[in-house]
Number of protein chains: 2
Amino acid sequence: MNSFDIQAWSSRQLMSVEQSLMQWVPADAPAGLGEAMRYAVLDGGKRLRPLLVLASMQACAGDQLTAPMSEAGMRAACAVELIHAYSLVHDDMPCMDNDVLRRGKPTVHVKYGQAGALLAGDALQSLAFELLTPQDSAIPAQVQARLCGLLAHGAGHAGMAGGQAIDLASVGIQLSIAQLRQMHRCKTGALLETSVLMGAQAAQASMQATNALLSYGQALGIAFQVVDDILDVTADTSTLGKTAGKDAENNKPTYVSFLGLDGARKEAAALAAQAQQALADSALLQTQALQGLADWVLQRQH
Amino acid sequence: MNSFDIQAWSSRQLMSVEQSLMQWVPADAPAGLGEAMRYAVLDGGKRLRPLLVLASMQACAGDQLTAPMSEAGMRAACAVELIHAYSLVHDDMPCMDNDVLRRGKPTVHVKYGQAGALLAGDALQSLAFELLTPQDSAIPAQVQARLCGLLAHGAGHAGMAGGQAIDLASVGIQLSIAQLRQMHRCKTGALLETSVLMGAQAAQASMQATNALLSYGQALGIAFQVVDDILDVTADTSTLGKTAGKDAENNKPTYVSFLGLDGARKEAAALAAQAQQALADSALLQTQALQGLADWVLQRQH
């Protein structure tokens, strides 16, 4: 019997994540910049990426979790969330998706102007790398350097930013489902994969453990996006906290437009099962949180 | 007699910098992203920041320059230039300075659209940190981590992005000259300071050498901005390669508006002398390149 309570586990982790973000995202950055940065990051979001970092770290470290590992894990968790938050800020801007609602609140550019949003996003990206490189910390330099390398790669041209570029170029164009998968592997998948890899790195995991987590993260990343496409069709704006039906309105290719609603649901379930299988096949000991997060990705309503 | 030829030195360094940027800024990033990134970075710019990195590294290492130091220095030189390039791309966008000309060419958003420019800038920032963390390299992890930390701090809310925020908030507002200095210390100065500190870190310099370079970099950073303000008044657009007279047109406070043209020239000369003095007071052995760069900053025509 599995007595693991994913809700309770998530709540505990998120309390620490929120406290850390409160502490690390500066209130006193000049000329309103700090205020816009905090608005973009605090008090909202599902925090899936930080949870993946922490669940992966715990899965790798098990009972051997040390204080430097915990610190590295929390910094990695917050750093990846800052990258995610900056990408949302920029993605919502008028020249991109032109969205006015995010996490149930006006988007950053609506509240702070476009220039304010542009700068807040830029500064959030820098801050992510600053968080990963504390000078007076017990985190080994090797871990700091690898965390920076993983995050830079996942966020950059070969990862998230590259996926955004494909997305941008694909509006109104007929993509194949292979191209759609490639786009999402970059746009959403890369940062989810990066999250589990950063968790493994924080725990200084073996190559074997890291590879198992990578398989998990890759399947989960696509599953997440398939569910996103489903929810864009089936959920309403107030539940989503962002504007529903945007994909169809923008004539964007989605898994639903390719596979139909039923087909997309089957695809999501198959991918989530694949993620679970990667855990089952691994030598990782404490995988309940990772299992719970994969369940959540499949069943989420927003 | 000083037989050091700063022109020849700069040309040699820049040949390596350009080759490295050609190699490291990807041509094959998806959906035109790589093309926009390369357009923003290659074939243009004064490359002052990379030259400062390399001159500082050489001043600290002297005859003890090793291959890992050289590699760290070149990666740092290119990384700081990528941050500078991204900041120009975003700064030129319509919601910021709305400029159409940069380095004598159409700005990135004019050529690739606003969304393309936004993404290219974002991806350039990520790439900077990717360059600093090569996994298979001889650069010590400690150096990689510190280079990331320095760059993140210099680029972020307490540095360049913070300065941009002050700049943005200051249009049409009466700043004191102390506030103007604070703005420029962040906006331009932070990344110039960061350049000399990264050079010192690449060479694993002593605290003493690093502090001397910091004094030099601080004075040079303000001098650079004072000269920028002078050139905005005295130079024409074709010489500058960017639109002249923008500051007055935008009613921006400048050193010239505070001190007058003559006063600003005296200020620039005093700051450049201060930078030279920091070198003279230091125990650094090979300071000719740094001296030459300070001369150039004072005398530059564009």
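1. Focus on the overall build of chain A
Scanning chain A for helices and strands turns up 13 helices and two strands. Across its three principal axes, chain A shows a C-alpha extent of roughly 50 × 50 × 35 Å. Relative to its full complement of 302 residues, chain A shows a buried share of 57%. Considering only contacts within chain A whose residues lie at least 6 apart along the sequence, 74% involve residues at least 24 apart.

2. Looking at the relation of the copies chain B and chain A
The two copies are related by a screw operation: chain B maps onto chain A through 180° of rotation and 0.0 Å of translation along the axis, at an RMSD of 0.0 Å. Read as a symmetry element, the transformation amounts to a two-fold axis. Considering only C-alpha atoms, the part of chain B nearest the rotation axis is Ala145 of chain B, at 2.4 Å. The overlap is high: 100% of the interface residues of chain B also sit at the interface in chain A, so the same surface is used on both sides.

3. Considering the environment of Phe129 of chain A
As for its placement among the helices and strands, Phe129 of chain A is situated in helix H5 (residues 108-131). C-alpha separation for the pair Phe129 of chain A and Leu147 of chain A, spaced 18 residues apart in sequence, amounts to 8.8 Å. In this view, Phe129 of chain A contacts Cys148 of chain A together with Phe129, Cys148 and Ala152 of chain B; residues no more than four positions away in its chain are not counted.

4. Considerations on unusual backbone geometry
Residue and element names in this part refer to chain B. Positive phi is not limited to glycine here, since Ala31 has a value of about 55°. Relative to the helices and strands, Ala31 is located in the loop between helix H1 (6-24) and helix H2 (33-41). Judged by C-beta crowding, with 20 C-beta atoms within 10 Å, Ala31 ranks as buried. For Arg47, which is not glycine, the phi torsion reads 60° and is therefore positive.

5. Focus on the confidence of the model for chain A
Of the residues in chain A, 98% reach a pLDDT of 70 or more, and the chain-wide mean stands at 93. Taken together, the chains of this predicted complex give a pTM of 0.95 and an interface ipTM of 0.95.

6. Description of the interface of chain B and chain A
Chain B puts 43 residues into the contact, and the matching count from chain A is 43 residues. Put simply, the parts of the chain that give the side of chain B that touches chain A at least two residues each are H2, helix H5 (108-131), helix H6 (141-155) and helix H7 (160-170) of chain B. Take the side of chain B that touches chain A: its biggest share by element is eleven residues, from H5 of chain B. Along the lines of polarity and charge, the residues of the side of chain B that touches chain A split into 25 nonpolar, 16 polar and two charged.

7. Observations concerning the environment of Ile230 of chain A
Residues and elements named next belong to chain A. Assignment of secondary structure puts Ile230 in helix H9 (residues 207-234). Exposure remark for Ile230: the 20 C-beta atoms within 10 Å place this residue in the buried category. With 27 residues separating them in the primary sequence, Ile230 and Ser257 have C-alpha atoms 9.7 Å apart. Once residues lying within four places of it in the same chain are set aside, the contact partners of Ile230 are Val256, Leu261, Ala264, Arg265 and Ala268.

8. Some thoughts on helix H8 (residues 177-202) of chain A
Residues spaced three or four apart along an α-helix point in a common direction, a consequence of the helix completing one turn every 3.6 residues. All names here are of chain A. In this model, H8 (26 residues) spans 35 Å end to end at C-alpha, consistent with the 38 Å of a helix rising 1.5 Å per residue. At Gly189, H8 shows its maximal bend, which comes to roughly 55°. Taking burial as the measure, the 26 residues of H8 include 21 buried ones, the bulk of the element. Gln204, located one to two residues past H8, shows a positive phi value of around 50°.

9. Some points on the packing of helix H9 (residues 207-234) of chain B against helix H13 (residues 288-299) of chain B
Residue and element names in this part refer to chain B. Between H9 and H13, the least distance of the axes is 9 Å, while the angle of their chain directions is 25°. Relative to H13, the element H9 is oriented roughly parallel. For the element pair H9 and H13, the recorded crossing hand is left-handed. Residue-level inspection shows Tyr216, Leu220, Ala223, Phe224 and Val227 of H9 in contact with H13, the latter providing Leu290, Ala294, Val297 and Leu298. Residue composition of the contact of H9 with H13, by class: nine nonpolar, no polar and no charged.

Parameters and conventions
- Sequence positions are assigned chain by chain, starting from 1 and proceeding in written order.
- Chains carry letters from A onward and ligands carry numbers from 1 onward, assigned in written order.
- Per-residue local features are limited, in this predicted model, to residues with pLDDT of at least 70; the limit for side-chain atom pairs, both in listing and counting, is 80 or more; totals at the level of whole chains, interfaces and linings are taken over all residues.
- By definition, any uninterrupted DSSP run of H or I lasting at least four residues is a helix, any uninterrupted run of E lasting at least two residues is a strand, and each is numbered from the N terminus.
- A residue is called partly exposed when the number of other C-beta atoms within 10 Å of its own lies between 12 and 20, exposed at 12 or fewer, and buried at 20 or more, with C-beta atoms placed from the backbone.
- By the convention adopted here, residues are in contact when the distance between their C-beta atoms, placed from the backbone, does not exceed 7 Å.
- We place the copies in one frame by least squares, fitting the C-alpha atoms of every residue whose pLDDT is at least 70 in both.
- On a range of 0 to 100, pLDDT expresses the predictor's confidence in each residue.
- We call Asp, Glu, Lys and Arg charged. Ala, Val, Leu, Ile, Met, Phe, Trp, Tyr, Cys and Pro are nonpolar, and the rest, Gly among them, are polar.
- Expected span, for any helix, means 1.5 Å times one less than how many residues it has.
- At every residue, the bend is computed as the angle between two fitted axes, covering the seven residues ending there and the seven beginning there respectively.
- Orientation is described by axes fitted as lines to C-alpha atoms, over the contacting stretch for helices, and by angles from 0 to 180 degrees between their N-to-C directions.
- We call two directions roughly parallel when the angle between them is under 35 degrees, roughly antiparallel when it is over 145, roughly perpendicular when it lies between 65 and 115, and oblique otherwise.
- Left-handed describes a crossing whose near helix is turned anticlockwise from the far helix through less than a right angle; right-handed describes the clockwise counterpart.

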